[in-house]
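Analysis of the macromolecular model
For reference, the chains in residue letters:
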Amino acid sequence: MRRRLPAVALALGIALALLSAAPALAAGYRYWSFWDGAAGGGWSYATQGPSLARPKDGSVQGFRFSVSKDAAAQAAQPRAAADFETVCGATAPTEGSKRVALVIDFGVPADAPTGDTPPDAAPRTACAQVAADATTAEALASVAKPLRYNSAALLCAISGYPKQGCGEQVADGAPRSAAPTAPTSSAAPDSGGGPSAGLLAGIAAVAALAAAGIWQSRRRSR
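Presented here is an overview of the structure given in this document.

Looking at where cysteine 156 falls in the secondary structure, it is placed in strand 7 (residues 155-157). Counting along the chain gives 10 residues from cysteine 156 to cysteine 166, while the straight-line C-alpha distance between them is 4.9 Å. With residues near it in sequence (within four places) discarded, cysteine 156 still touches Trp32, Arg148, Tyr149, Asn150, Tyr161, Pro162, Gly165 and Cys166.

Okay, structure coming up:
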């Protein structure tokens, strides 16, 4: 019985750690995700922000507004195919410029902040013809103003949507249309940010309970 005490304490601590960490791990973010068109009309999550990416002529770039739990693995993709010919097929190439097909998906009403509504129910497409060295942000600005960014250059709004908020956290189980809150950090939704407070509390509980079990076991064995 005495030998089992440390193991019991450790198991209890692990359970507390998981329970404490669960709310933080379940949180999502309301934001515009950025996508690169892939072969076959699919999408791949962009590895650069739109202000840094410089697509080539014939590229397809996508944007989707939604509440997503994880920026890379679970972010909602644009609901239209990445098809350059469909968007830009009627736009002739010109010297010194490039054509970038843009798919802008304003998402669903359930993901909209309180008092706001997606301007279009279906994804909007546009063919941006811009300078050869233009960024995706410049291509987007040429067809979908006004754009809004925060101080960390995170894209907050396209064509004025949403009217407020930028990458705010939305707890799992909370109404999707909850009023937006100002971001407490300039980090983008997919940045690391370190372990959550709940996880640290759980780890502390593991250590405390395990130490107590070992102490009690040694005391009784004397």
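Now, onward.
Let us now look at the pattern of salt bridges. Close approach of charged atoms lets side chains of opposite charge pair. All told, the structure shown has 5 salt bridges when counted by the stated rule. One salt bridge connects aspartate 57 with arginine 99, and the closest N-O pair in it is separated by 3.2 Å. Of this pair, aspartate 57 sits in the loop between strand 2 (43-45) and strand 3 (59-68) while arginine 99 is found in strand 4 (residues 97-105), placing the two residues 42 residues apart along the sequence. A residue is classified by how much of its surface remains accessible, and arginine 99, at 12% relative accessible area, is buried. Between aspartate 105 and arginine 79 there is a salt bridge; the shortest N-O distance is 2.8 Å. One end of the pair, aspartate 105, is in strand 4; the other, arginine 79, is in the loop between strand 3 and helix 2 (84-88), and 26 residues separate them in sequence. One connected set of salt bridges, linked through shared partners, spans Arg64, Arg79 and Asp105.

This paragraph deals with the nonpolar core. Membership of the largest hydrophobic core comes to 20 residues, with the highest contact counts inside it found for Trp32, Phe63, Leu102, Ile104, Leu140 and Ile158. For this core, the elements supplying multiple residues, two or more each, are strand 1 (28-37), strand 3, strand 4, strand 5 (124-131) and helix 3 (136-143). In terms of residues, this core owes the most to one element, strand 4, which gives 3 residues. With 11 residues, the next largest nonpolar core counts Tyr31, Trp43, Phe84 and Val103 among its residues.

Another aspect to go through is the pairing of strand 1. Across the 10 residues of strand 1, 7 count as buried, placing the element largely inside the fold. The pairing of strand 1 with strand 8 (residues 168-170) spans 3 bridges and is classified as antiparallel. Residue pairing across strands places tyrosine 29 opposite glutamine 169, the latter belonging to strand 8. With 8 bridges joining them, strand 1 and strand 3 adopt antiparallel strand pairing. From the neighbouring strand, aspartate 36 faces strand 3, where its bridge partner is glutamine 61. Across 3 bridges, strand 1 lies against strand 2 in antiparallel orientation. Each bridged residue has a counterpart across the sheet, and for aspartate 36 the counterpart in strand 2 is serine 44. Remark: 5 residues form the turn of the hairpin made by strand 1 and strand 2, two consecutive strands paired antiparallel; glycine 40 in that turn has positive phi of roughly 80°.

The rules behind each value
Residues numbered from 1 in each chain as written. Predicted model: local features only at pLDDT ≥ 70, side-chain atom pairs only at ≥ 80, totals over all residues. Heavy atoms only, no water. Helix = DSSP H or I, 4+ residues; strand = E, 2+ residues; numbered from the N terminus. Contact = heavy atoms within 4.5 Å. Salt bridge = Lys/Arg side-chain N within 4 Å of Asp/Glu carboxyl O. Buried < 20%, exposed > 50% of the residue type's maximum accessible area, 1.4 Å probe, protein only. Core = buried A, V, L, I, M, F, W, Y, C linked by side-chain atoms within 4.5 Å. Pairing = 2+ DSSP bridges.

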